[in-house]
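Here is how the chains run, residue by residue.
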Amino acid sequence: MGGALARAVLKNTQMKVYISDFFAEKAEAFAKETGAIATDNYTIAKECDFIFLAVKPANFPSTLEPLTEAFIKNRDSVIVTIAAGLSLEKVGAMVGSEHPIIRIMPNTPVLLGKGMITWCKNALVSDEASERFIEILKFAGSLDQIDEKLIDAASAVAGCGPAFVYMFIEALADGAVECGLPRDKAMAYAAETLIGASEMVLKTGKHPGLLKDEVCSPGGSTIEGVKALEDGKFRAATASAVIAAYEKTKKLGK
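Everything quoted here is computed from the prediction, not taken from an experiment.

J.: Whenever I open this one, the overall build of the protein confuses me. Can you help?
T.: Along the backbone of the protein there are 13 helices and seven strands. By principal-axis analysis of the C-alpha atoms, the protein measures approximately 70 × 40 × 30 Å. When each of the 254 residues of the protein is scored for burial, the buried share is 35%. Residue pairs at least 24 apart in sequence account for 58% of intrachain contacts in the protein once pairs closer than 6 positions are excluded. Summed over all atoms, the accessible surface of the protein reaches about 15200 Å², with 58% contributed by carbon and sulfur. Where the 28 positive side-chain charges of the protein centre and where its 32 negative ones centre are 2 Å apart.

J.: I tried to follow the sheet that holds strand E4 (residues 78-81) on my own but got confused; where do I start?
T.: By way of backbone hydrogen bonds, the strands of a sheet pair with one another, either parallel or antiparallel. Strands sit in the order E3-E4-E5-E6-E7 across an open sheet of five strands; the sheet is mixed. Taken across any chain shown, the strands that pair with only one partner, and hence form the sheet edges, are strand E3 (50-53) and strand E7 (141-145). Taken over all neighbouring pairs, the strand axes of this sheet differ in orientation by 25 degrees on average, direction set aside. As paired elements, strand E5 (residues 101-105) and strand E6 (residues 115-121) share four bridges and run antiparallel to each other. The partner of Met 105 across the bridge, within E6, is Thr 118. Contacts from helix H6 (residues 88-95) reach E4, E5 and E6, with the element oriented near 130 degrees to E5.

J.: Any chance you could explain the packing of helix H8 (residues 151-159) against helix H9 (residues 161-178) here in plain terms?
T.: Geometry of a packed helix pair, given as the angle between the helix axes and the separation of the axes. Here H8 crosses H9 at 30 degrees, and the two axes come no closer than 5 Å. It follows from the interaxial angle that H8 and H9 lie roughly parallel. Here Ala 156, Val 157, Ala 158 and Gly 159 of H8 lie close against H9, whose contacting residues are Gly 161, Pro 162 and Phe 164. In terms of residue class, the contact of H8 with H9 is made up of five nonpolar, two polar and no charged.

J.: Before we go on, may I ask you to explain the nonpolar core in this structure?
T.: Among soluble globular proteins, nonpolar side chains are generally buried collectively. Of all hydrophobic cores here, the largest spans 27 residues; its most connected members are Leu 5, Ile 102, Ile 104, Phe 133 and Leu 137. Mapped by element, the contributors of at least two residues to this core are helix H1 (2-12), helix H2 (24-34), E4, E5, E6 and helix H7 (127-137). In terms of residue count, the dominant contributor to this core is H1 (six residues). Setting aside residues up to four positions removed in sequence, Ile 104 forms contacts with Leu 5, Phe 52, Val 80, Thr 81, Ile 82, Ile 117, Thr 118, Trp 119, Phe 133 and Leu 137. Within the second largest apolar cluster, 22 residues are counted, among which are Phe 71, Ala 83, Ile 146 and Ile 151.

J.: In this structure, what is going on with H2? I would like to understand it.
T.: Given 3.6 residues to a turn, an α-helix orients residues that are three or four positions apart in the same direction. Among all positions in H2, only Ala 27, Phe 30 and Ala 31 are buried. In a view along the axis of H2, the buried residues occupy a sector of 100 degrees, so they form one face of it. Those residues of H2 that are exposed and angled more than 90 degrees off the buried face are Glu 25, Lys 32 and Glu 33. Check the buried side of H2 and you find it contacts H1, strand E1 (18-19) and strand E2 (37-38). Phi turns positive one or two residues past the end of H2, at Gly 35, with a value near 95 degrees.

J.: Which parts of the structure should I look at to understand the side chain of Arg 103?
T.: By the secondary structure assignment, Arg 103 is in strand E5. Given a relative accessible area of 2%, Arg 103 falls into the buried group. A polar side-chain atom of Arg 103 sits 3.2 Å from the main-chain carbonyl oxygen of Leu 86. The contact partners of Arg 103, leaving out residues within four places of it in the chain, are Thr 81, Ala 83, Gly 85, Leu 86, Ser 87, Leu 88, Thr 118, Trp 119, Cys 120, Glu 148, Ile 151 and Asp 152.

Scoring rules and cut-offs
Residues numbered from 1 in each chain as written. Predicted model: local features only at pLDDT ≥ 70, side-chain atom pairs only at ≥ 80, totals over all residues. Heavy atoms only, no water. Helix = DSSP H or I, 4+ residues; strand = E, 2+ residues; numbered from the N terminus. Buried < 20%, exposed > 50% of the residue type's maximum accessible area, 1.4 Å probe, protein only. Contact = heavy atoms within 4.5 Å. Areas by Shrake-Rupley, 256 points an atom, 1.4 Å probe, with all protein chains shown as cover. Lys, Arg positive; Asp, Glu negative; His and termini not counted. Charge placed at Lys NZ, Arg CZ, Asp CG, Glu CD. Pairing = 2+ DSSP bridges. Axes fitted to C-alpha atoms, helices over the stretch in contact; angles between N-to-C directions. Parallel < 35°, antiparallel > 145°, perpendicular 65-115°, else oblique. Nonpolar A, V, L, I, M, F, W, Y, C, P; charged D, E, K, R; others polar. Core = buried A, V, L, I, M, F, W, Y, C linked by side-chain atoms within 4.5 Å. Arc of directions from axis to C-beta. Polar contact = N/O pair within 3.5 Å; in protein donor to acceptor, adjacent residues only side chain to side chain.

Following this line, the structure appears as structure tokens:
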């Protein structure tokens, strides 16, 4: 995810982006490909204005502990955490000093500038810093500031959601292939259909249920397919997937 965000920024701005990885050769390869500057964690913590921590929750303590001195020297920097389940308070305690911290939950389409990024901040993040943060990530997709108590739920639908959507696209395509459509066309039609349907929800403001009804002619093919989805408990299974992802995220923060 850190790489996807960095690519989005590098592709659309002239900002200097410093990167570090546990495997130095990976950072060097990424830098060569994108124009980023490969360095080490300490240098980033000491010199950068915005420090993005794309680290798994379990690795936060070992990653942050050696950087305490650097964070103290760079008190005006803003730490941006992508760790699922870790609260602003917990990240602040691990940093070892009072620091402006922003917590974000992006999804993988940020790579194409089509991501959904929910975010929240602690009281030390100034309005100016918030504006700069939005300016940095605006090319990665849509940003929405929410209350921290909602961010795990937002992550379950927006962060994990692309995986669920990919499964649905694959299933739509599989059904079409079973009906005789070539695989490449089935995949393209399924993906384009989701793009168009999503735009209908966002642009018309209509409830998805109403949009669904507008497609279903009495006694027609679509309502027959809708019934098949209902028989398979499609909506219940989808809601359960989001809830399961949410519960897992809460556990990751403990």
